[in-house]
Amino acid sequence: MTDQKPFLDIRNAQKSYGDLEVLKDISLQVQRGQIVAIIGPSGSGKSTLLRAINDLDPLTGGEVWLEDMQINKKLPHRQYEKHINQVRQNIGMVFQHFNLFPHLSVRGNVTLAPKMLKGISDDEANALAEEQLEKVGLLDRIDYYPSRLSGGQKQRVAIARALAMKPKVMLFDEATSALDPELVEEVNLVMKKLAEEHMTMVIVTHEMGFAEAVCDRVLFMDQGVVVEEGPPSKIFRNPDNERTQNFLRKHLANANR
Amino acid sequence: MDIDLMMRVYPFFLTAAWVTVQLSVYTALLGLACGALGASMRLSRHALLRFIGAAYVSVFRGTPALIQLFILYFGGPQIGIQLTAFEAGVIGLGVNIGAYMTETIRGSIIAIDKGQREAARTLGMSGWQTMRKVILPQSARLMIRPLGVNINALIKGTALVAAISVVELTYTAQRYIGSTYKPFEMFMLSGVLYMVIIYGTGQAIKWLDRKARIV
Ligand SMILES: Nc1ncnc2c1ncn2[C@@H]1O[C@H](COP(=O)(O)OP(=O)(O)OP(=O)(O)O)[C@@H](O)[C@H]1O
Ligand SMILES: [Mg+2]
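Structural notes, computed from the coordinates.

Some remarks on the interface of chain B and chain A
At step 1: Taken together, the contact pairs 22 residues of chain B with 25 residues of chain A.
At step 2: Contact with chain A buries surface across chain B, with B:R121, B:T122 and B:L123 losing the most and accounting together for 32% of the total.
At step 3: Taken together, the links from chain B to chain A amount to two salt bridges.
At step 4: At the surface where chain B touches chain A, the tally comes to eight residue pairs in polar contact (both at pLDDT 80 or more).
At step 5: It is helix α6 (residues 127–157) of chain B that provides the largest number of residues to the side of chain B that touches chain A, a total of eight residues.
At step 6: Residues belonging to the side of chain B that touches chain A are distributed by class as follows: seven nonpolar, eight polar and seven charged.

Observations concerning a nonpolar patch on the surface
All names here are of chain B.
At step 1: Among the surface-exposed residues, M1, I3, M7, Y10, L14, F184 and M188 lie close enough to one another that they form a single nonpolar patch of about 730 Å² accessible area.
At step 2: At the level of elements, α1 (3–42) and α8 (183–213) are the ones that each hand at least two residues to the nonpolar patch.
At step 3: Per-element accounting of the nonpolar patch gives the leading share, four residues, to α1.
At step 4: Structurally, I3 is set in helix α1.
At step 5: Classification of I3 as partly exposed rests on a relative accessible area of 46%.

Notes on the site of ligand 1
Residue and element names in this part refer to chain A.
At step 1: Taken together, 13 residues form the shell around ligand 1, and within it S42, G43, K46, S47 and T48 come nearest.
At step 2: Take S42: an N or O atom from its side chain is 2.6 Å from an oxygen atom of ligand 1.
At step 3: For ligand 1, whose accessible area on its own is 640 Å², the fraction buried by protein is 59%.
At step 4: Those elements that place two or more of their residues in the shell around ligand 1 are β2 (20–30) and α1 (46–53).
At step 5: At three residues, α1 tops the list of elements feeding residues into the shell around ligand 1.
At step 6: The residue inventory of the shell around ligand 1, partitioned by class, reads four nonpolar, seven polar and two charged.

Thoughts on the packing of aromatic side chains
At step 1: Per the counting criterion, the structure on display carries seven aromatic pairs over all chains.
At step 2: Ring geometry for B:F13 and B:Y176: centres 5.7 Å apart, planes at 45°, overall tilted. Here B:Y176 lies in helix α7 (residues 169–180) and B:F13 lies in helix α1, a separation of 163 residues in the sequence. The two residues B:F13 and B:Y176 agree in class, both being buried.
At step 3: Following the ring pairs from residue to residue traces out a cluster consisting of B:F12, B:F13 and B:Y176.
At step 4: Directly above the ring of A:F101 sits A:R161, whose terminal nitrogen or CZ lies 4.5 Å from the centroid.

Thoughts on empty space enclosed by the protein
At step 1: On inspection of all chains with the given rule, the structure shows two cavities of 30 Å³ or more.
At step 2: Of the volumes computed, that of the largest cavity is approximately 60 Å³.
At step 3: For the largest cavity, the full set of lining residues is A:M93, A:V94, A:F95, A:F98, A:A158, A:R161, A:A162, B:A119, B:T122 and B:L123.
At step 4: Broken down by secondary-structure element, the contributors of at least two residues to the lining of the largest cavity are β6 (91–94) and α5 (151–163) of chain A together with α5 (114–122) of chain B.
At step 5: The element that contributes the greatest number of residues to the lining of the largest cavity is α5(A), accounting for three residues.
At step 6: Of the voids in this model, the second largest cavity is the one considered here, and its volume is about 40 Å³.

Some points on the pattern of salt bridges
At step 1: Counting across every chain of the model gives 22 salt bridges over all chains.
At step 2: Notably, a salt bridge pairs A:E81 with B:R121, separated by 2.7 Å at the nearest N-O pair. With A:E81 in helix α2 (residues 77–88) and B:R121 in helix α5, this pair bridges two chains.
At step 3: A:K115 is paired through a salt bridge with A:D122; the nearest N and O atoms lie 3.6 Å apart.
At step 4: In this structure A:K115 comes out as partly exposed when scored by relative accessible area, which is 36%.

Side note on the sheet that holds strand β7 (residues 169–173) of chain A
Residue and element names in this part refer to chain A.
At step 1: If you walk across this open sheet you meet the six strands as β6-β7-β8-β3-β9-β10, and the pairing is mixed. Pairing within the sheet leaves two strands with one partner each, and these edge strands are β6 and β10 (225–230). Taken pair by pair, the neighbouring strands of this sheet meet at an average axis angle of 15°, ignoring direction.

Overview of unusual backbone geometry
All names here are of chain A.
At step 1: The phi dihedral of D25 is positive, around 60°, even though this residue is not glycine.
At step 2: In this structure D25 comes out as partly exposed when scored by relative accessible area, which is 44%.
At step 3: Backbone geometry places K166, a non-glycine residue, at a positive phi of 50°.
At step 4: Looking at the secondary structure, you find K166 in the loop between α5 and β7.
At step 5: Assessed through its relative accessible area of 46%, K166 is described here as partly exposed.

Describing the sheet that holds strand β1 (residues 8–17) of chain A
Adjacent strands of a sheet pair through backbone hydrogen bonds, lying either parallel or antiparallel.
Residue and element names in this part refer to chain A.
At step 1: Ordered by their spatial adjacency, four strands build an open sheet running β2-β1-β4-β5, and the pairing between neighbours is antiparallel. Both outer strands of the open sheet, β2 and β5 (69–70), are each paired with one neighbouring strand and no more.
At step 2: Lying over the sheet, α1 contacts β1, β2 and β4 (61–66), oriented at roughly 125° with respect to β1.

Re the pairing of β1(A)
Looking along a regular strand, one sees side chains alternate from face to face of the sheet.
All names here are of chain A.
At step 1: In this structure, β1 lies alongside β2, joined through eight bridges in antiparallel fashion. The partner of Q14 across the bridge, within β2, is K24.
At step 2: Connecting β1 to the next strand, β2, in antiparallel fashion are two residues, including G18 with a positive phi near 60°.
At step 3: Note that β1 and β4 share five bridges and pair antiparallel. In the sheet register, Q14 faces β4, and the bridge partner there is G61.

Rules of the game
Throughout, residues of each chain are indexed from 1 in the direction in which the sequence is written. Throughout, the order in which chains and ligands are written sets their labels, letters from A for the former and numbers from 1 for the latter. Only residues with pLDDT of at least 70 are given local features in this predicted model, and only at 80 or more are side-chain atom pairs given and counted; all residues enter the totals for whole chains, interfaces and linings. Based on all heavy atoms of the structure, the side-chain values leave hydrogens and waters out of the count. Contacts between residues were defined by any pair of non-hydrogen atoms, one from each residue, lying within 4.5 Å. Throughout, buried area stands for the accessible area (probe radius 1.4 Å) lost by two parts on being put together, summed over both. The salt bridge definition used is simple: a Lys or Arg side-chain nitrogen within 4 Å of an Asp or Glu carboxyl oxygen. Side-chain atoms alone can form a polar contact between residues adjacent in sequence; in general such a contact is a pair of N or O atoms within 3.5 Å, and within protein one must be able to donate a hydrogen while the other accepts it. Helical segments are the DSSP runs of H or I of at least four residues, strand segments are the runs of E of at least two, and each set is numbered from the N terminus. Only Asp, Glu, Lys and Arg are considered charged, only Ala, Val, Leu, Ile, Met, Phe, Trp, Tyr, Cys and Pro nonpolar, and every remaining residue, Gly among them, polar. In this analysis, a patch consists of residues with relative accessible area above 30% that form no salt bridge, clustered at 9 Å for like charges and at 5 Å for the nonpolar side chains Val, Leu, Ile, Met, Phe, Trp and Tyr. Using a 1.4 Å probe, the Shrake-Rupley method yields the accessible areas, and only the shown protein chains count as cover for residues. For each residue, the accessible area found with a 1.4 Å probe, counting protein chains only, is set against the maximum for its type, and the residue is called buried under 20%, exposed over 50%, and partly exposed in between. Neighbouring residues are identified by heavy atoms, a residue being near a molecule or strand if any of them is within 4 Å of it. For Phe, Tyr and Trp, where Trp contributes only its six-membered ring, two rings pair if their centres lie within 6.5 Å, and the inter-plane angle classes them as stacked under 30 degrees, edge-to-face over 60, or tilted in between. Each ring is checked for a lysine NZ or an arginine CZ that lies within 6 Å of its centre and within 35 degrees of its normal; such an atom marks a charge sitting over the ring. Here a cavity means grid points, on a 1 Å grid over the protein atoms only, where a 1.4 Å probe fits yet cannot get out; a pocket means an open set of points with protein on both sides within 12 Å along at least five of seven lines; lining residues are those with an atom within 4 Å of a point. Grid points are joined across faces, edges and corners, and a volume is the space filled by probe spheres set on the points. One requirement defines pairing of two strands: DSSP has to find at least two bridges between them. Here an angle of 0 to 180 degrees is reported between the N-to-C directions of two axes, which are lines fitted to C-alpha atoms, with helices fitted over the stretch in contact.

Put into structure tokens, the structure is as follows:
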């Protein structure tokens, strides 16, 4: 299994904003069904790396591959658009601030893209919405509008919305950071469920406990480089690098305060 | 105040008010079309289109509407554009208010949180699909009131076409002043009718805005 070709392959990712180098030659291979956590201090480039995976923030150098397809291909505008819209259907993304569509009901949020992009009927779309909402435990909220949901419920709907496209990979950018502490667990539970179903996931998180419980691998990033990576037991219990140690120590101190 | 006179001439003012209403409706429709086009140019990927949109806005907001009307109506024939006064009024005012509407529409589009666009694009929706199904439905709600302000300005602006002798409310008042020498009564009549039109439009816009807000 170890010499298997990676499912998601980030090769020598570089990203600059003007003179500011945000990603400095980062490579990351994720196998099918693997769950990778990215941790690190604020501004270290975690979101930028995650968002490079679906080319939301295009890299200035390097390549991103999903299976046999290069995601960040340089193509003429029209072709690129066609290509990237196709690619993104395979990559679900969950944001810190949910970004639900406020003018649509929960059902509308979940069915909008599948209906538009997969040409499925209303009945099929409804069945799909019910299936995904069942999974995140919100079937009873299907006709609510986002404004009437709690933060945790909003995030679970956002996850259902992403899942409805049947993605091959799910990306989470601090999915629980904007939530009140008592609402974090319900979202974590949904993510754990996905983990049990062997969804391939890349998770940017500040929750070390969750990362340790769920992830196969942890990357510690600082100032645009991967300082250290390894299994959670290693990174969290016995990190080699001094910067990792400092980060975790500070983080623990904050968490316990 | 010569109430008798006002009672005698008001039917003519009603006819003129109807002209003002038609002028306003056509102007608003043309303005909205220009505004939509202008806004899409202002937001285009292409620098040239963005430039044209920006130039449109600054030229038409940066010169008096009256001069624009004069150029079109009096100057038009010189370059082969023959229009009736009414047509010139609609086109002149419509293109003018379209410049303001361009900014209104653009403003309500860029006011939508960028996370909305990101969420939609991430699902695989195209730029246009995102615009149509995610951004515009939200910005449409935002733009009702400010477009209402533009329309209010436009209705009052229709008075300008009196200067190219379209027989609307202001021109009619001027004409009757010529024969009656009662400017107070005549302008009052016009003023009241403008108020009715503007109040009615304002109520309609409030109603639309309230309806759009449910959810
Ligand atoms: N559009 C942009 N223009 C300029 N600089 C940017 C832009 N986006 C991000 N940056 C910079 O890139 C660096 C990395 O940002 P990024 O959002 O990836 O950090 P992060 O690790 O996700 O931080 P956080 O934990 O706060 O979310 C930061 O220094 C940030 O200021
Ligand atoms: Mg971030």
